[in-house]
Amino acid sequence: MRTVIALIAFAGVAALNLLWWWLPNRPADIAGWTAEPLQSVSFAPYRPGQSPLTRTFPTPEQIDEDLKRIQGKVRAVRTYSAGENLEAVPQRAGKYGLKVWHGAWLNNNEKENLEQINLLIDHANKYKDTIERVIVGNEVLLRKDLTANELRRYIRQVKQRVSQPVTYADVWEFWLRNPSLADEVDFITIHILPYWEDEPIGVDRREPDGTLSIEKHLIDIYKKVQARFPGKKIVIGETGWPSDGRMRSDARPGRVEQVKYFSIFRSAAEREKFDYNVIEAFDQYWKARQEGTVGAAWGLLDAQRRDKFELGKPVVAEPHWRTLFVLSTMTSGLLLLGFVSQRRKMTRKAVLLFAFFAQLVATCYIQATWIDLSRNFYFERMLGVVFWAALLALFSYALLRGIADSLTGRMADPSLYGARVREAWRAWRELPRHRIWRRADLMAQLLYLALTVLCIFYLIVISIDWYDGTIRIGDWFRQIAIDGRYRDFPIWSFVIPSVVLMAWKVLTVLRKDPVSRADRMAKALSFGRLLGYDGSKGFVRMDRTFSRVRPVLPEIALAGLLLFWAAVMLVTEGAVKLNDGGAGGFVSADGGRWVIRTLFWNTQANWFAFVAFLMAVPYLATIYVSIREPLAEPPPDSYTNKW
């Protein structure tokens, strides 16, 4: 009978698990998404392990393979450097029917700039049939590597020695700030990236009249630049959308969102006759060191040269969802098998409850580990993946062991529990190490403290949004101070110790066991009963003291930091920097104004703040229970003291 109940429970939770993975990953048909090739795509053929920062470049043969890979998807490619073996691009693009927008990479090094300029001129004259446009520098004004006058000198050198049209490429705002450069170029190349705008724009946001906000923004910016430079041809040199990473305001990265953006943009481009280049052909892992996950995820194809989607066909948010479903289902099945085979005394309700929580923990663990693994762009991140996988595995074991013990009446004597952080730490230190695996309660408490500290760390790092004012490209790295724009929200890393744990703790309040009802909810939520109200008749030890505040100082500090930095994170994510010359807000060093305009628009930030709040609940409940405990009475005065 027990086997039948276990099979029924497993089938039920497996069905729920299937819905979890299938519903958000159904193929999405995107309106206006056609099989027509794109006009041009940024072409940086670096593969995993290669990087311009470490001076490891793709070979000509690899470049040839990459050109063949994008054949039929685009009509032209844009390069950003004339060196680094990229001569192979104009040399071999013609046999795949591709034209080239060839570029030189300029920085603040005169010698390197002259090398780039001479190579660009040489290639432009050698491959006239393939190179149709020449781009002298990319976003050097944005990076502050060169002044407008220094840039002007390089443009003139190239323009005098090539026959193709010459341009310079930068974010649209920097053309408006440096209008004199327009006289030096044959056409103006602007970058419009709604995800990276000072005020990001989500692909689903609409104006009051129902117009898509992104479409309106694209057209407005194009016409604004066009009006500022009448008579000059305007080309969009970069536009696109990331397929993975953190949200900014309501701008959510994702495969479906990436295709939506391309569909919106291409529809507007066809209607308004835009000349454009999208970013980029392949995901670039090396950019993750500079810009986090989102920087590595702008490609039409992934870094392994696999299609993220096909032109004109439905797109799936997570192509590997079937594998993840199987792994999470098998994991929960093994956990349930272990529970049923090792525990003799159990009710049908116990089997059903354990099956549900085993599946919940397994699904959340697989989801968290897969997200970390799919964002493993370099060695240090691999270490992070291993660390988090081990930490969550240990906490998941402690949680499920506690649930199993509670459901089968095998909980440890609760009078040995440490109700407060200090007492729990003391109990852990006094515990013989060979009993660690048998005391799931103390193991869970210690791991919960570690996870709390890590959660506070991530809240602080994401909240600090400070730039060092100047971004310098050196030989090895891009100098960036802590900048929250590049930090992912590690929501799934904390779901098990917050949402799953709290769900179990609340469920244990409903027990009908003959236990004390005084402050039942608060005690069940407290740190002392981290694994819930276990139904035992004993009481969690709470040593009486002479102070109500001192014993819970660790709880006050941890809960306070969690709540404070969660609030700070929400505020910083709701702030945008305006450069419209208006008044009000907090004025930054570059003259822009920080104003709160998109508060609570970032759902990833909202979820992470909610997770932080849930992690603060055990500490808040402990503070409440501790304050309600009677204080210790002072010893009676001795006869001697009266004298």
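This section reports on the structure supplied with the text. From a predicted model like this one, the values you see are computed outputs, not experimental measurements. (Residues numbered from 1 in each chain as written. Predicted model: local features only at pLDDT ≥ 70, side-chain atom pairs only at ≥ 80, totals over all residues. Heavy atoms only, no water.)

## A closer look at the pairing of strand E1 (residues 38-42)
- A large share of E1 lies buried, amounting to four of its five residues.
- The pairing of E1 with strand E2 (residues 74-78) spans four bridges and is classified as parallel. Bridge pairing in E2 links Ser 40 to Ala 76.
- Handedness of the β-α-β unit built from E1, helix H2 (residues 60-69) and E2 comes out right-handed. (Buried < 20%, exposed > 50% of the residue type's maximum accessible area, 1.4 Å probe, protein only. Helix = DSSP H or I, 4+ residues; strand = E, 2+ residues; numbered from the N terminus. Pairing = 2+ DSSP bridges. Right-handed = clockwise from strand over helix to strand, strands pointing away.)

## Quick notes on the pattern of salt bridges
- Under the criterion given, the structure shown has 36 salt bridges.
- Here Lys 111 ties to Glu 115 by a salt bridge, and the two come within 2.8 Å at their closest N and O atoms. Within this pair, Lys 111 and its partner Glu 115 are both found in helix H4 (residues 110-126), separated by four residues, close to a single helical turn.
- Its relative accessible area of 58% is what places Lys 111 among the exposed residues.
- For Glu 115, a relative accessible area of 42% puts it in the partly exposed group.
- Across the pair Glu 280 and Lys 287 runs a salt bridge, and its minimum N-O distance is 3.3 Å.
- According to the relative accessible area criterion, Glu 280 is buried, its value standing at 3%.
- A residue is classified by how much of its surface remains accessible, and Lys 287, at 16% relative accessible area, is buried. (Salt bridge = Lys/Arg side-chain N within 4 Å of Asp/Glu carboxyl O.)

## Digging into helix H1 (residues 2-22)
- Helix length check: H1, at 21 residues, gives a terminal C-alpha distance of 30 Å against a target of 30 Å (1.5 Å per residue), a fit within 8%.
- All buried positions along H1 are accounted for by Ile 5, Ala 6, Ala 9, Val 13, Ala 14, Asn 17 and Trp 21. Buried residues of H1, seen end-on, are gathered within an arc of 165 degrees and therefore sit on one face of the element. Summarising the geometry of H1, the exposed residues directed more than 90 degrees from the buried face are Leu 7 and Ile 8.
- Buried residues in H1 make contact with helix H11 (321-342) and helix H12 (348-374). (Expected span 1.5 Å × (residues − 1). Arc of directions from axis to C-beta. Contact = heavy atoms within 4.5 Å.)

## Examining the sheet that holds strand E3 (residues 99-104)
- Spatial strand order, E1-E2-E3-E4-E5-E6-E7-E8: eight strands in an open sheet with parallel pairing. The sheet terminates laterally at E1 and strand E8 (275-276), the two strands that pair on one side only.
- Summarising the sheet, strand E6 (residues 187-191) and strand E7 (residues 233-238) pair through five bridges and their orientation is parallel. When the sheet's bridge partners are listed, Ile 188 is paired in E7 with Ile 234.

## Digging into the sheet that holds strand E11 (residues 593-596)
- Reading across from one edge, E9-E11-E10 is the order of the three strands in this open sheet, with antiparallel pairing throughout. For this open sheet the edge positions go to strand E9 (575-578) and strand E10 (586-587), each flanked by a neighbour on one side alone.
- Pairing analysis gives two bridges linking E10 to E11, with the strands arranged antiparallel. Its bridge partner being in E11, Phe 586 is matched across the sheet by Trp 594.
- Across the face of the sheet, helix H18 (residues 553-574) comes into contact with E9 and E11 while running at roughly 35 degrees to E9. (Axes fitted to C-alpha atoms, helices over the stretch in contact; angles between N-to-C directions.)

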